[in-house]
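Okay, here's what each chain looks like letter by letter:
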Amino acid sequence: MMNTTRAVAVVGAGLAGLSCARVLQDAGLAVTVFDKSRGVGGRLCTRRGDDWQADHGAQYFTARSPAFRAQVDLWMHAGVVTEWQPLRAVFGPHETSSGEPVQRFVGVPGMSAPAKALAAGLTVKTGHTVQVLRRVEDGWRLETAEHGLLPGVFGAVLLAAPAAQAAALLQPVSASLAAMAAGHRMLPSWTVMARFDAPPELPFEAAFVNEGPLRWVARNSSKPGRSGRECWVLQASAAWSAVHLEEEPEVAGQALVAAFRALGGPEPAAVSVHRWRYADCEPATTGSVWEPESGLGLCGDWLLGGRVEGAWSCGRELGGKVLSNLPSVK
Ligand SMILES: Cc1cc2nc3c(=O)[nH]c(=O)nc-3n(C[C@H](O)[C@H](O)[C@H](O)COP(=O)(O)OP(=O)(O)OC[C@H]3O[C@@H](n4cnc5c(N)ncnc54)[C@H](O)[C@@H]3O)c2cc1C
């Protein structure tokens, strides 16, 4: 299919989709990225209110591979990423660590900043929820919830969505790929964004919590470049979130605030609550999937070790696989 049309559709403008699209566009392919949200970044995201902001998805990221570290250096040079060194604590049983110092990076002024930098110069269509992949003679056409059947035929459709969402799209067109995606479990997370009139007097700015409903708390206001009111993010563990998945947001929020108070935190002045159905994953290390015969590909954190670094790496890997399958690149 790629021989007849070199247009490529990438579904998902998270870090995986964007890094994949970058590789392909830099090699001369005509790439369009579609995302159902209003902006790019996926789970690298920031919620903003009138006088506050909070990163309610990924909290920070690490860079272990030389390739991702080089990308992070470029982002730091561009001023969209910086190091974050919060005062840390651990509650509950301590997990064993390698003992090596960990560098934690955050987007500036919000977590989506590196994704926005990757998206610069790419054709990204937000507000496009892809619902149907329609196979046609020389490739694929896409149907979206908002705009119906889109014009144009794509030689390849690369899905960069969480496993469950990829599985739903694949079901009618590839039973084998759909089964593979459906076999990956994604884990939920209830998240509270708590605002305070004054900074809580606590001996930590970020804490791993290994007991009770919480998994992580962080003083969002301690991240460089954040503005607005004092704000903390409280994230529930996957296990607690799964049990309370269908709870009312206020009820889940109250439980997490109570757990934060048990750590010594004060009552917030205001809270917002977000439920992530697909926050984290039990990641595979198999890497991206590319089927040249069908023109279908898959990438995302769930296929390569999870986390932000895995998403970026998996997207680049898929881009490379697609390119290696082309007879020549104009
Ligand atoms: C609460 C929380 C905390 C986290 N903490 C950390 C952390 O501290 N460190 C870390 O490294 N990682 C963390 N992560 C994980 C990290 O955010 C992800 O691993 C990474 O961002 C995944 O990127 P991705 O591109 O694979 O997927 P996503 O970022 O999920 O991107 C997928 C995109 O696909 C779009 N999409 C889905 N279906 C469709 C469709 N049908 N049509 C169009 N678009 C579609 C979505 O809107 C989304 O933008 C956290 C995640 C959450 C939610």
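Procedures and definitions
Residues numbered from 1 in each chain as written. Predicted model: local features only at pLDDT ≥ 70, side-chain atom pairs only at ≥ 80, totals over all residues. Heavy atoms only, no water. Near = heavy atom within 4 Å. Polar contact = N/O pair within 3.5 Å; in protein donor to acceptor, adjacent residues only side chain to side chain. Helix = DSSP H or I, 4+ residues; strand = E, 2+ residues; numbered from the N terminus. Domains from an automatic or database assignment. Contact = heavy atoms within 4.5 Å. Buried area = accessible area lost by both parts, 1.4 Å probe. Salt bridge = Lys/Arg side-chain N within 4 Å of Asp/Glu carboxyl O. Pairing = 2+ DSSP bridges. Axes fitted to C-alpha atoms, helices over the stretch in contact; angles between N-to-C directions.

Draft legend 1. Examining the site of the ligand more closely. In the vicinity of the ligand there are 34 residues, among which Ala16, Asp35, Arg43, Tyr60 and Asp301 approach most closely. In the model, an oxygen atom of the ligand is placed 3.1 Å from a nitrogen or oxygen of the Leu15 main chain. Between an oxygen atom of the ligand and a main-chain N or O atom of Gln59, the distance comes to 3.3 Å. When residues of the shell around the ligand are traced back to their parent elements, those giving at least two are α1 (15-26), α4 (163-170), β17 (270-281) and α8 (307-324).

Draft legend 2. Molecular detail of the domain arrangement of the protein chain. Here the protein chain is partitioned into domain 1 (7-43 + 116-183 + 284-324) and domain 2 (48-110 + 185-281). Its C-alpha centre places domain 1 at a distance of 28 Å from the equivalent point of domain 2. Listed by partner, the interface residues are 16 residues for domain 1 and 19 residues for domain 2. In total, about 1400 Å² of surface goes out of reach between domain 1 and domain 2, with carbon and sulfur atoms giving 65% of it. For domain 1, the biggest contributors to the area lost against domain 2 are Arg43, Glu309 and Trp312; these three give 45% of the whole. Scanning the region where domain 1 abuts domain 2 turns up one salt bridge. Asp280 is paired through a salt bridge with Arg307; the nearest N and O atoms lie 3.2 Å apart. If you look at where domain 1 meets domain 2, you find six residue pairs in polar contact (both at pLDDT 80 or more). The set of elements that each furnish at least two residues to the side of domain 1 that touches domain 2 consists of α3 (113-119), α4 and α8.

Draft legend 3. Focus on the sheet that holds strand β8 (residues 123-125). In space, the six strands of this open sheet follow the order β8-β2-β1-β12-β19-β18, with mixed pairing throughout. Of all strands in the sheet, those bounded by a partner on one side alone are β8 and β18 (289-291). Ignoring strand direction, the axes of neighbouring strands in this sheet form an average angle of 20 degrees. Summarising the sheet, strand β1 (residues 7-11) and strand β2 (residues 30-34) pair through five bridges and their orientation is parallel. Considered in β2, the bridge of Ala9 is made with Thr32. In the packing of α1 onto the sheet, the strands contacted are β1, β2, β8 and β12 (156-159), and the crossing angle to β2 comes to about 165 degrees. Taken strand by strand, α8 contacts β12, β18 and β19 (296-298), and its axis lies near 20 degrees from that of β18.

Draft legend 4. Representation of the pattern of salt bridges in the model. Under the defined criterion, the tally for this structure stands at 15 salt bridges. In this structure, a network of salt bridges that share partners links the residues Asp55, Lys223 and Arg226.

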